[in-house]
Amino acid sequence: MAITLILGGARSGKSRRAQALAEAAGPARVYMATAEALDSEMADRIARHQQERGEGWRTIEARLDLAFPLEKEIRPGEIVLVDCLTLWLSNLMHHERDVEAEVQALCERLQCTGHDIILVSNEVGLGLVPETPLGRAFRDAQGRLNQQLAEVSDRVEFIAAGLPLTLKD
């Protein structure tokens, strides 16, 4: 089974690429959703993603814990799309969870899963240095997360302007 990491900036086409890969892989698909609808804009964004996915998806809400559902809730033959790890990281930091321990648990679970998994994550380190200590801490944590995920992934793509660039295969 393969782990694919899709990286890119905001509105780069990451989710669309990940969805297309999952849909091409087969009819048994699971969408692991990490977003929390804390405001109307995010609620609209979530609704748009649900509409774009359409039929044929089973959804698991995984705002904080990703390792457990990957181990216990995925059925044989299902392909998993986790969208997105940037929101998951934000949730962990917001709820003051041990980010390093959670990332380690996720990477360990990914390495022994028997499923095809597609992970979506933002590349946030290409822009300006954040002004606040929290912003810098988040950027640094996101960079470390992406590096650890890339290490355990079989394939890594970077999406720019909707076009994939293979970084690892």
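Since we're looking at a predicted model, the values are computed, not measured.

Chemist: Explanation requested: the overall build of the chain in the structure shown.
Modeler: Counting secondary structure elements, the chain contains six helices and seven strands. Of the regular secondary structure in the chain, the N- to C-terminal order runs β-α-β-α-β-α-β-α-α-β-α-β-β. Taking 169 residues into account, the globule formula puts the C-alpha radius of gyration at 15 Å, and the chain, at 15 Å, falls close to it. Overall, the C-alpha framework of the chain stretches about 45 × 35 × 30 Å when taken along its three principal axes.

Chemist: Sorry if this is basic, but what is going on with the sheet that holds strand E7 (residues 163-168) here?
Modeler: For sheets, the rule is that strands pair by backbone hydrogen bonds, running either parallel or antiparallel. Overall, mixed pairing links the seven strands, which are arranged E3-E2-E4-E5-E1-E6-E7 in an open sheet. Because the sheet does not close on itself, it has two edges, and the strands there are strand E3 (57-61) and E7. Strand after strand, the sheet turns through a mean of 25° between neighbouring axes, direction not considered. The sheet contact formed by strand E6 (residues 155-160) and E7 spans five bridges and is antiparallel. Residue pairing across strands places Phe158 opposite Leu165, the latter belonging to E7. Those strands touched by helix H4 (residues 85-94) are strand E4 (79-83) and strand E5 (117-122), and its axis lies near 65° from that of E5.

Chemist: I would appreciate a short explanation of the pattern of salt bridges in the present structure.
Modeler: For the structure shown, the criterion picks out eleven salt bridges. Residue Arg58 pairs with Glu78 through a salt bridge whose shortest N-O separation is 2.8 Å. Of the two residues, Arg58 is situated in strand E3 and Glu78 in the loop between helix H3 (67-72) and E4; the sequence distance between them amounts to 20 residues. Note that Arg97 is salt-bridged to Glu102, the shortest N-O span being 2.9 Å. Because the salt bridges share partners, they merge into one network encompassing Arg17, Arg155, Glu157 and Asp169.

Reading the values: the criteria
- Residues numbered from 1 in each chain as written.
- Predicted model: local features only at pLDDT ≥ 70, side-chain atom pairs only at ≥ 80, totals over all residues.
- Heavy atoms only, no water.
- Helix = DSSP H or I, 4+ residues; strand = E, 2+ residues; numbered from the N terminus.
- Rg over C-alpha atoms; globule rule 2.2 N^0.38 Å.
- Pairing = 2+ DSSP bridges.
- Axes fitted to C-alpha atoms, helices over the stretch in contact; angles between N-to-C directions.
- Contact = heavy atoms within 4.5 Å.
- Salt bridge = Lys/Arg side-chain N within 4 Å of Asp/Glu carboxyl O.

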